[in-house]
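Structural description and commentary
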Number of protein chains: 4
Amino acid sequence: MRMFRNDYSEGAAPEVLEALVRTNAEQHVGYTEGDDHCERARELIRAACGHDDVAVEFSIGGTSTNLVCIEGMTRGWEGVICTPEAHINTHETGAIAATGRSVLPTRDTDGFVSPAEAERVWRYQTGTGRHMTKPAVVYISNTTELGGVWSKERFDALCDWADERGLKVYLDGARLGSALTSPAAAGLTLEHIARRCAAFYLGGTKNGMLFGEAVVISDPALREAFPYLIKERGGLMAKGRLLGVQFEAAFERPADGGEAPFWRLARGANERAFRLRQGLLDLGFEAYGEAPSNQQFFSFEPKVAQRFADEAGCEVFQELPDGRLLTRFVCSWATTDDDVDEVLDLARSL
Amino acid sequence: MRMFRNDYSEGAAPEVLEALVRTNAEQHVGYTEGDDHCERARELIRAACGHDDVAVEFSIGGTSTNLVCIEGMTRGWEGVICTPEAHINTHETGAIAATGRSVLPTRDTDGFVSPAEAERVWRYQTGTGRHMTKPAVVYISNTTELGGVWSKERFDALCDWADERGLKVYLDGARLGSALTSPAAAGLTLEHIARRCAAFYLGGTKNGMLFGEAVVISDPALREAFPYLIKERGGLMAKGRLLGVQFEAAFERPADGGEAPFWRLARGANERAFRLRQGLLDLGFEAYGEAPSNQQFFSFEPKVAQRFADEAGCEVFQELPDGRLLTRFVCSWATTDDDVDEVLDLARSL
Amino acid sequence: MRMFRNDYSEGAAPEVLEALVRTNAEQHVGYTEGDDHCERARELIRAACGHDDVAVEFSIGGTSTNLVCIEGMTRGWEGVICTPEAHINTHETGAIAATGRSVLPTRDTDGFVSPAEAERVWRYQTGTGRHMTKPAVVYISNTTELGGVWSKERFDALCDWADERGLKVYLDGARLGSALTSPAAAGLTLEHIARRCAAFYLGGTKNGMLFGEAVVISDPALREAFPYLIKERGGLMAKGRLLGVQFEAAFERPADGGEAPFWRLARGANERAFRLRQGLLDLGFEAYGEAPSNQQFFSFEPKVAQRFADEAGCEVFQELPDGRLLTRFVCSWATTDDDVDEVLDLARSL
Amino acid sequence: MRMFRNDYSEGAAPEVLEALVRTNAEQHVGYTEGDDHCERARELIRAACGHDDVAVEFSIGGTSTNLVCIEGMTRGWEGVICTPEAHINTHETGAIAATGRSVLPTRDTDGFVSPAEAERVWRYQTGTGRHMTKPAVVYISNTTELGGVWSKERFDALCDWADERGLKVYLDGARLGSALTSPAAAGLTLEHIARRCAAFYLGGTKNGMLFGEAVVISDPALREAFPYLIKERGGLMAKGRLLGVQFEAAFERPADGGEAPFWRLARGANERAFRLRQGLLDLGFEAYGEAPSNQQFFSFEPKVAQRFADEAGCEVFQELPDGRLLTRFVCSWATTDDDVDEVLDLARSL
């Protein structure tokens, strides 16, 4: 049975792998500089963003991207507001602190930073002047760590607050493909994100590439900092064209005028996830929260959770107050309807 | 009227100032090395700790001490458990993050780190292996940021937990004089702290010195690290003898066999604080929490709080849920009974 | 004409690319943990090293590897001795300083750290106790930045010195394949390096892989640190199996009992480089220094250097005292005899 | 016999000590904020600088000042050009690297950064774009580590170069009193330094105070950064008024219209040093370099050097190529003509 553990458990989508093989014999100067693939990928991404005046950079993974961007947008005594579950506050081994910056979690519990909580943190941190870390950036994830999707309305409300307080908004887009192809985006588009965020990234690792993220930067401080910091922090690939080749393949629209693979692959992962969700709900299982994206959370009796873990590779996260276990299914570009149906067959047997 | 704002608002106690004047014409090599005063102070402090095998170092202030000790007891990916109100988590401008280490607050609300909360944080942080910051140190303050005093029982319970999990206990003793001369210490002694803590400091700045903290170190890693890190982080005084002279004056017992000034001054500050507390309680004002030390917290109607702020220099911290304002009075070695009575006169008039 | 600019200008060698394609549909947990390819690669590398008790880790590139290893082998006030041309002292944008550690260059001019110069630096740095950065690691490159190859005798002399002073030896093996297949190794073997170095890496990026380095660690401090630091510094690949798959392909010996690709590819690059060197010497051009490896340095009249730069993609480094320009040719696994002959044809025409 | 080891081996000058005693009973809010002494000292220093638009901050010592200023004037990938003997490159235990910044020494051998060497470093570091640390600040010391004094002409030549390249000039003024009261200043004034440096400090520790430096800042980035960084790095004194009181005493001109103590004390130290120099020269001893300030360097036969070390507390630095030993005498505000004559008597006997 296919493992529903994570979208990064897969290899590359066929069009991406094919591009890597096709270009393998080329020679390039390196470091994402001066090769046609990186330049073409930058052009395609800028066009998708609808802005010419953003910088597009490449990096090898989410943690590297997050630490370079946050370091580059802040100064030594500044910090970044986020939710308690934010990846930078949990699963990056203190990568932000390792750059000398502080992570300032809100008390939001649904995976979204709310203006009210951000304001509370901001007031607390700035109440005694220089004695406390000054918030300078708000970090959000789309989709969130709990599978949530930012609507345009919610996103604008936070950006409005940030504008008022002079903070920069940074969006971790490890699963931005899934977010923007979800109906829950409710009007939130790539163009709009590019207009309002100081920086964000389009995640390739979890959406059909072998590895790689494309970072879109408006913030002038980060535009200057990124090329240096990505090297200084060890995140600059010698064979930089590999990133260009993959993003070029992902954002080049097919000859038939269809959707670029980046969106098509993400949309497919969502569709499999919605099929899975509906199937489990129909069987009477209990979903945990809204997750209109390629991650689906359910709460199961411990024995049931264990079976899903053993047979479908699900991750079991934590015991809920009622003794049930929070369990996650992740669909990817590689998941098929048949894979989903196999899980539903298993579910039926439990 | 004397200001009850802070114990660091005062100058030096007479015996400390006199020692500085008396020794001013001496010449010394510097850097707390090889001068008689530092050596004598080290000897007196080791004797007070009842241990010969601890290192005694000097530093210029609390933040410098905390950041050097925590950096020296941890490695790059490790972190320090503390309460949300811990000085290192609030009023040190991200000094721990600036050394690359992470601060890991519990949800304790009373100023004390509880074993249960420490265990919860420890389990959470170690549940996914290398993906999260690993707790290596527990930071406690005595007195706490809320004026609390660690009893021997409470202290031992936390140390037992830390021993079991292999964490080091670090005690911020900015107000350790006040803590150990409080009846609430309930058997907790300097000897006992020196036996169980990896490191702690005896705060001079808030207890009668112009500046200075004496750091007592058992932890072998920190013993090696401290001399280098205190220099590298800019905390090593060229005229290091100034620290030795002051601590010598504070820990040398008087000819009549009485208590060393360090303890006498702290005990005096506590007594003034208890007199103030009782007086305010007698007048019907409402104390906020237990604070058996030189800091007293009361909740007042906003107008009343403002008068205490304006006339007695109190700090007003935050609005409580009932609309009253949390207000702090700090007594020091310099506070007299008359000073306290003036505040009580003011209180009577409100 | 093939570009002789750099060995990282190439794609992956056929056997490596084929392995990536072949395994693309597999699902894995990620992060180089618990997948068969990483485990098999570790086993093959351990066997090649002749030691069971070394840890084998993977990373994405040289700068990331260097900064994680040096941070993990040192403490905050320690530093690393190297030559002035060392990669960590020049082309890593201050990556070591960014981890808080100091780079301490010797005055060696030939690319090799000599015991005499290392001793001079060590004496200077330790002469005033804690006031100076303490050397803890010696960093060497094999091949060196100038194309040099460490002989067993030279290597042992430095290791003996380091042992005496209690320093750890770290070897940057970005081009270790080329070094160990060079006749100039003169008895230096992988087994011997694994026995004497605290840590080193086998460079894949410059020897036939898309990317990736295999880090071999004896040092207990680094063994514990590496898994955390590689994640904290953003160098841990989500699709970690990609590293395992490539190193497995590179170190698996062919069915016919021949040499593993890692060595065969490097040997081929050397052979092309020696052919090029001899050809240029035969034509009367002037080699710059000994470079018995896949990098060849020549000094040319400016006009000649420019032609090689324009047509063979050579890098021109600096003006030499005699006005000639130092120029580098790099051969790779992909360079053919025909490619070399084309350069020689060009040379003949100048 | 008085020790000629260092100017920081002394206590406070009488007028400074008296001010500390006189103000000891005052209460202040702390942290160099909102107390009359700090405000008055700032006013006096601004007036001495002839500029209203500079910020004046206080700190406790040279290393703390240097690391905060350099961190505050640079970004993560930037570095600071200085001489090899610069304090930041030698005796600060890697404090600049500990903030993540790189130290970039020139090859100047006389203690002064020359425009030619600075230019060489600048070209080298910027020749490969983002792959190398970018120089952003030039660090100079006045007096230099070798007792040299910057003339106006030399200073302007370096500042002109820095302006052209867009670098900031930072001046470590640990002994600026001695430098500006030396005839070798040759027109260099405090006003001129304040006009051309991005930041510099007036050293109190080595010129009659117990401790303390006054930092004068023009650079907008550092003006914003300093208050936060000095706290974050542990250099902010709780009893900040101690710094104000001392600098107020040092810069307040006496009622009789004479020179402020800061200059009078430094001038006195210079005069003692010149008397010592002339006396030793008259006795046939060999001076080492020009040192028109309170530090005098001589080269002696080893036996002679040892006697000066043993009896006059001189520091012996290194063996010179001719086998003689480089030996330093430091005079301070506390040195008297009689003290000098005692050394000369000793010299006569050798």
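Quick look at the structure, then.

Turning our eyes to something else, we now look at the relation of the copies chain D and chain B. Between the two copies, chain D and chain B, the superposition gives an RMSD of 0.0 Å; the rotation angle is 180° and the shift along the axis is 0.0 Å. When the rotation and shift are considered jointly, the pair of chain copies conforms to a two-fold rotation axis. Comparing interface residues between copies, 95% of those in chain D also lie at the interface in chain B; the contact surface is shared.

On to the pattern of salt bridges, then. All chains considered together, the criterion is met by 132 salt bridges over all chains. Ionic pairing is found between Arg275(B) and Asp341(B), a salt bridge with its closest N-O pair at 3.0 Å. Placement of Arg275(B) in helix α10 (residues 261-282) and of Asp341(B) in helix α12 (residues 337-348) is noted, with a sequence separation of 66 residues between them. For Arg275(B), a relative accessible area of 36% corresponds to the partly exposed category. With a shortest N-O distance of 2.5 Å, Arg40(D) and Glu252(D) are connected by a salt bridge. A residue pair is termed long-range when its members are at least 10 positions apart, and Arg40(D) in helix α2 (residues 36-49) and Glu252(D) in the loop between α9 (241-251) and α10 (261-282) qualify at 212 residues. Each of the salt bridges in this network shares a partner with another, and the network as a whole consists of Lys152(A), Asp156(A), Asp160(A), Asp163(A) and Arg196(A).

All right, on to the interface of chain A and chain C then. On the side of chain C, 40 residues touch chain A, which itself brings 40 residues to the contact. Summing the contributions of chain A and of chain C, the shared interface buries around 3800 Å²; its carbon and sulfur component is 54%. When residues of chain A are sorted by the area they lose upon contact with chain C, Tyr8(A), Gln27(A) and Lys239(A) head the list and together hold 19% of the total. Our count for the chain A to chain C interface comes out at 0 salt bridges. Counting the contacts that link chain A with chain C gives 22 residue pairs in polar contact (both at pLDDT 80 or more). Elements with a contribution of two residues or more to the side of chain A that touches chain C: α1 (14-22), α3 (62-73), α8 (220-232) and α9 (241-251) of chain A. Partitioned by chemical class, the residues of the side of chain A that touches chain C number 18 nonpolar, 12 polar and 10 charged.

What follows is about the side chain of Thr181(D). Residues and elements named next belong to chain D. Assignment of secondary structure puts Thr181 in the loop between α6 (176-180) and α7 (190-196). At 2.8 Å, the side chain of Thr181 forms a polar contact with the backbone oxygen of Gly177. Separated by 3.0 Å, the side chains of Thr181 and Asn270 make a polar contact.

Chain D puts 42 residues into the contact, and the matching count from chain B is 40 residues. Summed over both partners, the interface of chain D with chain B comes to about 3800 Å²; 54% of that surface belongs to carbon and sulfur atoms. Our enumeration of links across chain D and chain B arrives at 0 salt bridges. Of all the elements in the fold, those that place two or more residues in the side of chain D that touches chain B are α1 (14-22), α3 (62-73), α8 (220-232) and α9 of chain D. The residue makeup of the side of chain D that touches chain B, split by class, is 18 nonpolar, 14 polar and 10 charged.

Rules and cut-offs
Residues numbered from 1 in each chain as written. Chains lettered and ligands numbered in written order. Predicted model: local features only at pLDDT ≥ 70, side-chain atom pairs only at ≥ 80, totals over all residues. Heavy atoms only, no water. Least-squares fit on C-alpha atoms with pLDDT ≥ 70 in both. Contact = heavy atoms within 4.5 Å. Salt bridge = Lys/Arg side-chain N within 4 Å of Asp/Glu carboxyl O. Helix = DSSP H or I, 4+ residues; strand = E, 2+ residues; numbered from the N terminus. Buried < 20%, exposed > 50% of the residue type's maximum accessible area, 1.4 Å probe, protein only. Buried area = accessible area lost by both parts, 1.4 Å probe. Polar contact = N/O pair within 3.5 Å; in protein donor to acceptor, adjacent residues only side chain to side chain. Nonpolar A, V, L, I, M, F, W, Y, C, P; charged D, E, K, R; others polar.

In short, geometric facts, not functional conclusions.
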